Each structure stands twice: as C-alpha cells, then as structure tokens.
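# Structural features, examined
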Amino acid sequence: MQFIRLRSLVRFAEGANVVICLNHRPGHFIVQGHPIGTVWPPEAAPRVNEVLGRAHITGPYRTLTQDVSFGIDQLVEIAIRALSPAVNDTFTAMTCVDWLGDNLCKIVNQWHPTRVHRDNQGFIRVIAAQPSYDRLVQRSFEKIREASSGMPAIMIRQLDALAKIMTETATMGQRRVLLDQAAMIQRASERSVPEEADRADVRRSFDAVLMIESKLADREQAPP
C-alpha cells in the first residue's frame, strides 16, 4: 500500500451512508485477494470494494508520501547493516541513531495521526490504521539495540538520544515508552559488555535518562 485517498473515501461513505474500517495503512504489504477493510452495513461491501479499488495506490516499493515509518525503517536498516561484522562501521550507526533521536524529538509532540475521519455532519465514515507514537519509538530503537550487543558506544548513543527525546515529552505515558527502551538497553549492557568500565559508562547514560524523567515528574506534581 503506497497511498490512500481518504477524503474521497469519506465523501463516498457519506453519500452511501456507510462506515469503512481500513485494515492496512501505507507501508503495509498487501496480499492480492485478501481483505483490506471492513464495511458497515455489510450489504454495501460490493459497492465499497469498487470504490476502494480507485481510492488506493499500490506498488512494489514503500514511499515516504504517507508512510512516516518508512523513513525510520530506512535509518534503522542503514544502522544495523553498519553494525554487521562484514561492515563494522560504528560511526555510521551512531549517526543514524542521532538522526532517529532528532526525528523523535519532533514527533513526540507533533505526531497526532487521525484515525477517525468524519463527514461534514460529524458522523464517523472512515477508520484508518495509523502508527502510534509508541510504535515509532519501538521501531527506532529495538532492532539497533538487538544488533549492538556488546557495543557500549552504540548503547550510550541510544541512551543519549532517549534523554534528548525525554526533554520534549509532555506526559508520563510518553516518558514510559522511553524508559522501557532505556531499561532494555541497560539490561543488554549488563549481559553483553565484558568490561566493567564500559558498563559503568552505559549506566551513567542510563542514570541521566532516569534523572531527566524524575525532574519532569516532579515538575508535573509541583503545585501551580
């Protein structure tokens, strides 16, 4: 799936008095012949199927037009290839982590994807799949963490990125996702990094993340 004409779907759904729930979003792989959505009432399915065929664009490759996850996945792919034993390019991987952190600093308070689309009367007409903030954070960190086992430089850079993102958060829910990632990196360090001095460096970066979270929590609880 490369592109969905959501406005066209909303106009059609309003005129036909139906609700369309899309199972896939741009970036998802679709198998020909498999359902891509659900329709209420079900008797409208044949007509909606015809309209859906004109309202979405598919192709062999992902694009950045409506697929914010694709940009993240590209940076992650470059990073894990750089970390492979055949390449062993730590600095390229750290640069990718820096850019992922920069992007998430913007996403954390600006990413408000619309899942429910309404018509002019306020009735729900289209429900679209969208990646959540939590999922974007997970995509940005998990595969690189798994590929950087035993590499304190990458772990420290990821923790530094999490600390920067933490300063941009507005809710405990946003911070909890970052804390979970930081804790997994810290546990990976304790398991895989042989040198105590290196593990201590990783712990200091982890403690910095915890300190920022604690300050933000205290600020929220302080009386106005």
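Residues numbered from 1 in each chain as written. Predicted model: local features only at pLDDT ≥ 70, side-chain atom pairs only at ≥ 80, totals over all residues. Heavy atoms only, no water.

### Observations concerning the layout of surface pockets
Empty space within the largest pocket amounts to approximately 550 Å³. Along the walls of the largest pocket sit 26 residues, with Ile-30, Val-31, Ile-36, His-56 and Thr-58 positioned nearest its centre. Of all elements in the fold, only β3 (37–40) and α2 (45–55) reach the threshold of two or more residues within the lining of the largest pocket. Taken together, the residues that form the lining of the largest pocket break down as 12 nonpolar, 13 polar and one charged. For the second largest pocket, the calculated volume is near 240 Å³. Around the second largest pocket, the lining comprises 14 residues; the ones closest to its centre are Leu-6, Gln-66, Trp-111, Thr-114 and Gln-130. Within the lining of the second largest pocket, the residues separate by chemical class into seven nonpolar, five polar and two charged. (1 Å grid on protein atoms, 1.4 Å probe; cavity = no way out; pocket = protein on both sides within 12 Å on 5 of 7 lines; lining within 4 Å. Points joined across faces, edges and corners; volume = space filled by probe spheres on them. Helix = DSSP H or I, 4+ residues; strand = E, 2+ residues; numbered from the N terminus. Nonpolar A, V, L, I, M, F, W, Y, C, P; charged D, E, K, R; others polar.)

### Some details on the pattern of salt bridges
One pass over the structure, following the stated rule, counts 16 salt bridges. Residues Arg-62 and Asp-67 are paired through a salt bridge, measuring 2.9 Å at the closest nitrogen-oxygen approach. Each of Arg-25, Arg-62, Asp-67, Asp-73 and Arg-139 takes part in one network of salt bridges that share partners. (Salt bridge = Lys/Arg side-chain N within 4 Å of Asp/Glu carboxyl O.)

### A few points about the pairing of strand β2 (residues 19–22)
Along a regular strand, successive side chains alternate from one face of the sheet to the other. Relative to β3, β2 runs antiparallel, the two sharing four bridges. Note on β3: the bridge partner recorded for Leu-22 is Gly-37. Where β2 lies against strand β6 (residues 124–127), two bridges are found, and the strand directions are parallel. Note that in β6 the partner of Ile-20 across the bridge is Val-126. (Pairing = 2+ DSSP bridges.)

### As for the sheet that holds β2
The strand order β3-β2-β6-β5 describes an open sheet built from four strands, whose pairing is mixed. The open sheet terminates on both sides in strands that have one partner only, identified here as β3 and β5 (116–118). Strand-to-strand, the axes of this sheet are offset by a mean angle of 20°, without reference to chain direction. Sheet contacts for helix α1 (residues 6–16): β2, β5 and β6; angle to β6, the most-contacted strand, approximately 140°. (Axes fitted to C-alpha atoms, helices over the stretch in contact; angles between N-to-C directions. Contact = heavy atoms within 4.5 Å.)

### Regarding the packing of helix α6 (residues 152–166) against helix α8 (residues 196–221)
Taken N-terminus to C-terminus, the directions of α6 and α8 make an angle of 10°; their axes are 9 Å apart at the nearest point. The angle between α6 and α8 falls in the class roughly parallel. Along the contact surface, α6 presents Pro-152, Met-155, Ile-156, Leu-159, Asp-160, Leu-162, Ala-163 and Met-166, while α8 presents Asp-198, Asp-201, Val-202, Ser-205, Phe-206, Val-209, Ile-212, Glu-213 and Leu-216. When its residues are assigned to classes, the contact of α6 with α8 shows 12 nonpolar, one polar and four charged. (Parallel < 35°, antiparallel > 145°, perpendicular 65-115°, else oblique.)

### Section: helix α4 (residues 90–110)
When the terminal C-alpha atoms of α4 are compared, their 30 Å separation across 21 residues agrees well with the 30 Å that a helix rising 1.5 Å per residue should span. Among all positions of α4, only Ala-93, Met-94, Cys-96, Val-97, Leu-100, Gly-101, Leu-104, Ile-107 and Val-108 are buried. Considering only its buried residues, α4 is in contact with α3 (68–82), α5 (133–147), α6 and α7 (172–192). (Expected span 1.5 Å × (residues − 1). Buried < 20%, exposed > 50% of the residue type's maximum accessible area, 1.4 Å probe, protein only.)

### Remarks on unusual backbone geometry
Note the cis peptide between Trp-40 and Pro-41, where omega equals -5°. Note that Pro-41 resides in the loop between β3 and α2. Phi at Asn-17 takes a positive value of approximately 55°, unusual for a residue other than glycine. Its identity is not glycine, yet Asn-88 carries a phi of approximately 55°, on the positive side. Structurally, the position occupied by Asn-88 is in the loop between α3 and α4.

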